[in-house]
Structures are given as structure tokens and as C-alpha cells.
Amino acid sequence: PNSVPRQRGIAIPQGISQHRFFEALDELREELGTQHVELNDKELRSGWYMEHPNTHDMMNIVEQEELVASAVVYPACTEDVVKIVRWANKYRIPIFPISMGRNLGYGGAAPRVRGSVTVDLGRRMNKILNIDPDDHTCLIEPGVSFYALFEEVQKKGYTHIWVDVPDLGGGSIVGNTVDRGVGYTPYGDHWACHSGLEVVLPTGEVIRTGMGALPGNNTWQTFPYGFGPYSDGIFSQSNFGIVTKMGMTLMPNPGGYESFMYTFQKEENLAPLIEIIRPLRITNILENVAQLRHCLQTLAVRGLPRTTYFGGHGPIPQSIIHEELEKMPIGDCTWVYYGMSYGPTHIRKYKLDIIDKEFKKIAGARKIDPTTLPKDEYFWSRDRIAAGIPDLEELLWVNWMPNGSHVAFSPVSPIKGKDAERLYELAKKRHAEAGIDLMPAFCVGLREMHLIVEIVFDSKDAEMRKKAEICLRDMIDDAAALGYGEYRTHLVLMDQVAATYSWNDNALMKFNERLKDSLDPNGILAPGRCGIWPERYRGHGWEM
Ligand code: FAD
């Protein structure tokens with residue numbers, strides 16, 4: 001693992017002396033046990049995805065020591081979380097909850113405010129509290145990864161139940177879901193599939209949402225709304241509470257599945273193809289969050305560094321990409337579509353025939369026969385993921401650069417050709433200016449799509465980091481000027497993205513700030529997350 005010696009010393013939270021901070025930590029050690037409170041005074045180690053640091057972002061886009069924790073604490077239960085929250089209020093110390101901290105591309109485990117105390121929920125709160133094989137639901141703690149739930153379902157022999165997984169299976173289901181992450185089966189919209197939360201509020205009260213508020217209920221995981229205002233929403237992408245339990249609905253085994261892949265030759269196929277995809281997706285003929293990827297990602301996901309193909313500066317020439325693809329089993333192309341059809345053979349055939357007829361309307365469209373693909377071809381990783389089998393292969397494109405790191409630009413748009421074209425063009429222009437390789441993927445939800453543009457950079461190269469940041473910031477502004485906003489973003493870009501949601505004189509942010517000030521009067525919980533600053537910090541230069 002790569003280590004970076006510390007230049008700036010221990011990141012003591014602002015507004016408290018080092019001496020008093022150490023005293024406060026000792027007090028917390030008495031409450032939680034000495035071994036469950038760790039001062040972050042060591043060098044910063046990068047590790048890798050499965051052995052990631054919980055003190056900082058190993059894929060840092062700003063200087064490594066900018067976003068680091070002062071200490072990390074490990075609660076074992078909800079009561080411990082309450083103790084930590086009360087302690088933070090007493091000393092006005094900022095705390096930052098993570099479930100597992102694998103939020104790579106969006107800030108990893110780093111806190112937004114330097115010197116925050118990271119509350120690593122996942123290390124000890126990692127129980128699967130229930131799997132109900134009849135209702136197809138589960139109740140889990142923050143430390144349950146997609147792998148862990150999948151393995152438990154297998155162990156129990158529940159072959160009739162599937163778990164939806166994102167590209168990488170090592171993340172926390174709670175962490176991914178509260179950040180509104182996505183997976184690739186029909187249950188891919190994780191937030192939409194959750195049912196019921198237990199939340200510790202920033203002042204230490206514990207609430208259960210939905211049916212969970214009714215003592216003795218047996219419907220917490222089957223009916224998400226309960227009675228009265230639906231409060232769950234304010235606990236996603238926010239800093240209003242710490243989620244300690246979450247219910248999740250699970251997909252029934254569809255009784256068969258079949259992945260398919262099409263390639264399209266020309267860049268200009270994008271708009272007509274998106275027009276074809278929209279009605280197929282809305283009517284569920286295309287059943288999962290489908291991906292239309294630029295061919296460069298297909299090359300990059302082989303896992304070889306960019307220098308294997310091109311030693312020059314600036315974006316890799318398109319001609320080289322096409323020459324390399326020619327040698328690969330999928331052949332030359334510009335766009336690659338990865339999809340999955342679910343159900344028994346005759347049901348799949350009905351849908352796949354429609355898809356084939358529609359996709360082949362694009363001249364040069366080719367369906368790749370999976371039986372011609374070797375077992376290590378990336379297609380099979382997509383096949384596993386869309387079948388709810390956790391995987392790690394997606395990490396390979398991060399090797400495109402040395403010290404491979406990435407940050408995503410993820411705007412939302414309608415599933416319309418002209419929107420796809422506009423976003424693609426603006427990303428292309430800004431990437432060309434910055435001299436960065438363009439790797440866009442359109443992820444088609446149900447009535448919208450996220451364009452995910454992954455900027456892969458060398459985190460040890462300060463100049464490249466800066467270029468990547470400028471490129472991202474330019475794209476966010478360009479997109480907002482055209483009416484597009486991001487669905488999720490990196491810690492460093494949260495203020496900028498939040499500011500683009502400005503309708504009616506920033507009315508939504510003013511509402512969020514009122515909620516923040518009333519729920520968290522001392523401003524201790526994840527200040528600045530998603531651009532929401534508590535009063536104590538607001539307008540004091542914390543925004544980036
Ligand atoms: P955490 O890091 O624990 O949580 C994320 C954030 O949510 C935290 O920083 C915190 O602010 C907040 N939070 C977490 N837990 C709580 C809590 N209990 N209470 C309150 N707030 C909380 N993501 C996708 O969604 N889909 C993908 O397909 C995908 N593909 C990826 C591919 C690659 C190659 C990489 C590197 C990343 C990808 N990601 C993807 C991003 C990321 O890896 C996942 O979203 C991952 O699941 C997030 O990490 P985590 O689950 O450990 O969450």
C-alpha cells in the first residue's frame with residue numbers, strides 16, 4: 001500500500017484546542033471502550049478497494065490532507081451512536097458517519113470538514129437482523145455489504161430470492177442506498193426499494209420511520225410510508241440523521257435470465273439509439289438499468305494501463321482505440337449496449353425479438369453472440385451483476401492511470417436523443433480542453449437517464465488532479481446552463497452542485513438550512529454534506 005507522510009499534523013477539529021480535544025476523546029473512550037476510539041495520527045495509506053482507509057479519500061481530487069478525519073470511532077449498537085452524538089454536541093465536534101466508506105468516486109471515507117471525527121458504523125454494526133423469505137425483505141445494519149447479504153441468502157438456501165448489486169459488491173447496502181446509489185437488476189433503484197429506517201437524530205433522539213413507528217407492527221419492511229409525512233427522504237443525501245437500521249425489499253428469482261450485448265459503429269448513432277431505447281425501457285421490454293457505454297471504457301476495463309496503447313499526452317487518439325477494439329472479441333465499434341432479459345425462455349424470447357428488431361434499425365448494429373466470448377470477457381461481469389451476483393471486475397478501468405483514481409460527472413436527463421447529444425458534446429468539449437480521455441456511459445433508469453462520465457486520473461499528480469477538477473466544474477456549470485443537474489456528486493463538488501438547484505432564489509436550500517438548524521442546532525453532523533451547512537459554519541468560508 002502507498003503511504004503519504006503527514007505534512008499538516010493531526011487534523012484537530014476547528015474551534016477546540018488539541019488538549020481539550022484529547023480530553024474529549026478520553027471521555028469517549030470511557031463510554032465506548034479504549035479500542036473503539038482511534039486517533040488518526042498515522043501516515044495516510046491508500047490501500048485498495050477491499051482494504052480501503054477509513055480516515056480519508058484514497059482517490060483524492062484535492063490535496064490528500066485537506067479532507068481527513070481527526071479520529072475514528074466504532075459504535076457497536078444504536079445506543080453507542082446516541083452516546084457519540086451527545087458527546088459531539090457537548091464539545092461541538094463535527095462527526096461524519098460512514099457505513100463502510102467505500103464511496104469511491106464520491107469522496108470515499110473522507111469527511112467534508114477536515115478534522116471531523118468519523119463514525120465508522122460498519123465495523124461493528126454489521127448484522128443481518130432478518131431475512132423474511134416469504135415477504136422477500138430484509139432488515140440490516142450499516143456494515144452489511146452486498147457480498148455479505150448475497151452470501152447469507154445463498155447460505156440459507158433461499159434460491160427464490162435475489163439481491164440487487166451495484167458494479168462493485170464490496171460497498172455497504174445502507175451507505176449506497178442513503179447516497180441513492182444504483183444497481184442493475186429491476187430492483188436497481190435502491191432508495192425506491194428500501195422500506196423503513198431507524199435513525200439517530202443529531203440531538204440524540206432515535207426514531208423509526210414508516211410502520212416502524214408503530215409498536216408491535218409486522219409491516220416495517222413491507223409498507224414504506226406508515227402514516228403522516230413521509231420522512232425517509234430527508235435522511236438520504238443529507239446530514240439530518242445517522243441511519244442505524246434499514247429495511248430492504250428483495251427481488252424474486254425471475255426464473256431465468258440472459259444477458260445480451262449490441263455494438264453500434266458510429267458516434268452519431270447515439271441520438272437515434274436513445275430514441276429507440278426510451279419506449280423499450282418505459283414499457284419494461286428493456287428491464288434493467290441498461291448501460292450504453294463508450295467503447296473506450298470497454299478497452300479500459302481490460303485493466304491494462306493507458307500507456308500500453310498510447311505513450312503521448314492528451315486524449316488517446318480515436319484511431320488507436322478502434323485498432324485495439326478490432327483485436328478484441330467484440331470487434332470495432334463506438335457504443336456498446338449491455339442489457340439483460342429476465343424470465344423463462346419463452347418470455348425472454350418475446351422481449352429479445354422486439355429488442356433485436358428495434359436495435360437493428362441502426363445501420364451496422366451487431367448483436368454479439370455470448371457463446372463466442374471467453375469467460376474473462378467483461379460481458380460476463382455485467383452478466384453476473386445484472387443477475388444480482390456481486391463482482392469486483394469493474395475496478396479494472398481505474399488502472400487506466402497510475403495511482404488510478406476517479407471522479408464522476410453524473411447529470412440526469414430525459415431519455416431523449418437531443419439531450420444525450422448535448423451532454424455528450426459538452427463533455428467532449430471540456431475533456432478535449434483539459435486533455436483528458438472521455439469515458440461516458442448512459443445509464444438508463446425508467447424515465448430518465450444518468451450520464452456517468454468517469455474521469456480517471458493519477459491522484460499523485462497534482463497538475464492532473466487540478467485539470468480533472470476544472471473539467472468537472474466546467475461540465476457542472478455547462479450542464480446547469482442547459483437545465484441539467486447531477487444526481488450525486490463528490491464531496492468537493494457538493495457546494496457547486498447544490499448551488500445549481502437554485503430555483504426561486506435558492507428556496508430549496510433555504511428549506512434544507514431551516515431543517516438543518518432545527519434538527520442539528522449545534523451543527524455537529526456532517527457539516528457541508530450535500531452543500532448543507534449549519535448556521536455555525538454558513539458563510540464562514542467553508543464552501544468549496
Ligand atoms: P459509504 O461510503 O459508507 O456511504 C456513502 C455516504 O453516505 C457516506 O459518505 C455518508 O456521507 C453517507 N452515509 C453512509 N452511511 C450512512 C448512515 N448510516 N447514516 C447517514 N449517512 C450515511 N455506486 C453505485 O451506486 N453504483 C455503481 O454501479 C457504482 N459503481 C462503481 C464503480 C467503481 C469502479 C467505483 C470505484 C465506484 C462505484 N460506485 C458505484 C460508487 C461506490 O463504490 C458505491 O456507491 C458504494 O456502495 C458506496 O460506498 P459504501 O456503500 O461503503 O457507502
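Note that the structure is a prediction, hence the values are computed from the model and not measured. (Residues numbered from 1 in each chain as written. Predicted model: local features only at pLDDT ≥ 70, side-chain atom pairs only at ≥ 80, totals over all residues. Heavy atoms only, no water.)

It is worth spelling out the sheet that holds strand β5 (residues 95-98) at this point. In space, the four strands of this open sheet follow the order β2-β4-β6-β5, with mixed pairing throughout. Here the strands that pair on one side only, and so sit at the sheet edges, are β2 (37-39) and β5. This sheet shows a mean twist of 20° between the axes of neighbouring strands, independent of strand direction. Across four bridges, the pairing between β5 and strand β6 (residues 117-120) is parallel. What sits directly across from Phe96, in β6, is Thr118. (Pairing = 2+ DSSP bridges. Helix = DSSP H or I, 4+ residues; strand = E, 2+ residues; numbered from the N terminus. Axes fitted to C-alpha atoms, helices over the stretch in contact; angles between N-to-C directions.)

The next thing to look at is the domain arrangement of the chain. You can read the domains of the chain as domain 1 (3-120), domain 2 (128-252), domain 3 (257-493) and domain 4 (501-531). The C-alpha centroid of domain 4 is placed 23 Å from the C-alpha centroid of domain 1. Opposite the eleven residues of domain 1 that make contact, domain 4 presents seven residues. Where domain 1 abuts domain 4, roughly 770 Å² becomes buried across the two surfaces, and 64% of that area is made up of carbon and sulfur atoms. Together, Asn89, Arg92 and Ile95 form the three largest contributors to the area buried by domain 1 at its contact with domain 4, with a combined 45%. (Domains from an automatic or database assignment. Contact = heavy atoms within 4.5 Å. Buried area = accessible area lost by both parts, 1.4 Å probe.)

Turning next to the side chain of Glu287. Along the chain, the position of Glu287 falls in the loop between α6 (270-282) and β15 (290-294). You can call Glu287 buried: its relative accessible area is 11%. Within the structure, Glu287 has its side chain in polar contact with the backbone nitrogen of Tyr342 (distance 3.0 Å). If near-sequence neighbours (up to four positions away) are discounted, Glu287 is found in contact with Pro186, Arg281, Met340, Ser341, Tyr342 and Lys351. (Buried < 20%, exposed > 50% of the residue type's maximum accessible area, 1.4 Å probe, protein only. Polar contact = N/O pair within 3.5 Å; in protein donor to acceptor, adjacent residues only side chain to side chain.)

All right, on to the pattern of salt bridges then. Under the defined criterion, the tally for this structure stands at 41 salt bridges. With its nearest N and O atoms 2.8 Å apart, the salt bridge here joins Glu394 to Arg293. Note that Glu394 is positioned in the loop between α10 (378-386) and β18 (404-409) and Arg293 in strand β15, a separation of 101 residues in sequence. Considered together, Glu394 and Arg293 belong to a single accessibility category, that of buried residues. Arg538 is the salt-bridge partner of Glu513, the closest N and O atoms lying 3.8 Å from each other. Of this pair, Glu513 sits in helix α14 (residues 503-519) while Arg538 is found in the segment after α14, placing the two residues 25 residues apart along the sequence. Several salt bridges share partner residues, and in doing so they unite Lys429, Arg430, Glu433, Asp474 and Asp478 into one network. (Salt bridge = Lys/Arg side-chain N within 4 Å of Asp/Glu carboxyl O.)

A word on the packing of α6 against helix α11 (residues 417-434). In the contact formed by α6 and α11, the axes pass within 7 Å of each other and the chain directions differ by 140°. It follows that α6 is oblique to α11 by the angle criterion. For the pair α6 and α11, the crossing hand works out as right-handed. In this structure, α6 contributes Leu270, Ala271, Ile274 and Glu275 to the contact, and α11 contributes Gly417, Ala420, Glu421 and Tyr424. (Parallel < 35°, antiparallel > 145°, perpendicular 65-115°, else oblique. Left-handed = near helix turned anticlockwise from the far one by under 90°.)

Moving on, we get to the side chain of Asn269. Considering the arrangement of structural elements, one finds Asn269 in the loop between β14 (257-264) and α6. Judged by its relative accessible area of 10%, Asn269 falls in the buried class.

Looking now at the pairing of β15. Two faces, one strand: in a regular strand the side chains alternate between the faces of the sheet. Here β15 lies mainly inside the structure; five of its five residues are buried. With burial as the criterion, each face of β15 is covered, one bearing Ala290, Leu292 and His294 and the other bearing Gln291 and Arg293. When β15 meets strand β20 (residues 440-444), the two strands line up antiparallel, connected through four bridges. For Arg293, the partnering residue across the bridge sits in β20 and is Ala441.

Take the sheet that holds strand β7 (residues 128-132) next. An order of β7-β8-β12-β10-β11 is seen for the five strands of this open sheet, with the pairing classed as antiparallel. The open sheet has two free edges, formed respectively by β7 and β11 (206-208), since each of these has just one partner strand. For this sheet, the mean angle separating the axes of adjacent strands, direction not counted, is 10°. Note: strand β10 (residues 194-200) against strand β12 (residues 242-249), five bridges, orientation antiparallel. Along β12, the bridge assignment pairs Val200 with Ile242.

So, on to the packing of α6 against helix α9 (residues 345-359). Each pair of packed helices can be summarised by the angle the axes make with each other and by the distance between the axes. Look at α6 against α9: their axes get within 10 Å of each other, and the N-to-C directions meet at 160°. Comparing their axes, α9 and α6 come out roughly antiparallel. As α6 packs across α9, the resulting crossing turns out to be right-handed. Of the residues in α9, those in contact with Leu273, Ile276, Ile277 and Leu280 of α6 are Ile354, Ile355, Glu358 and Phe359. Class assignment of the residues belonging to the contact of α6 with α9 gives a composition of seven nonpolar, no polar and one charged. (Nonpolar A, V, L, I, M, F, W, Y, C, P; charged D, E, K, R; others polar.)

Bringing the site of the ligand into the picture now. The ligand sits among 30 residues. The nearest are Ser99, Met100, Ser172, Val243 and Arg488. Asn103 places a polar main-chain atom, nitrogen or oxygen, 3.2 Å from an oxygen atom of the ligand. Listing elements by their share of the shell around the ligand, those giving two or more residues are β5, α4 (173-178) and β12. In terms of residue count, the dominant contributor to the shell around the ligand is α4 (four residues). (Near = heavy atom within 4 Å.)

In this section: the environment of Asn40. Residue placement: Asn40 occurs in the loop between β2 and β3 (44-45). Considering only alpha carbons, one finds Asn40 and Asn284, 244 residues apart in sequence, at a separation of 49 Å. In this structure Asn40 touches Arg6, Ile10, Thr55, Val68, Ala69, Ser70 and Ala71, once residues within four positions along its chain are discounted.

All right, on to the packing of aromatic side chains then. Ring pairs (aromatic) are described by centroid distance and by the angle formed between their planes. Counted by the stated rule, this structure contains 20 aromatic pairs. Relative to Tyr225, the ring of Phe223 has its centre 5.5 Å away and its plane inclined at 90°; by these criteria the two rings are edge-to-face. Of the residues examined, Phe223 reaches a relative accessible area of 38% and is grouped as partly exposed. With a relative accessible area of 47%, Tyr225 lands in the partly exposed category. Three or more aromatic residues joined by ring pairs form one cluster here, namely Phe260, Tyr262, Phe264, Tyr337 and Phe359. (Phe/Tyr/Trp six-rings, centres within 6.5 Å; stacked < 30°, edge-to-face > 60°.)

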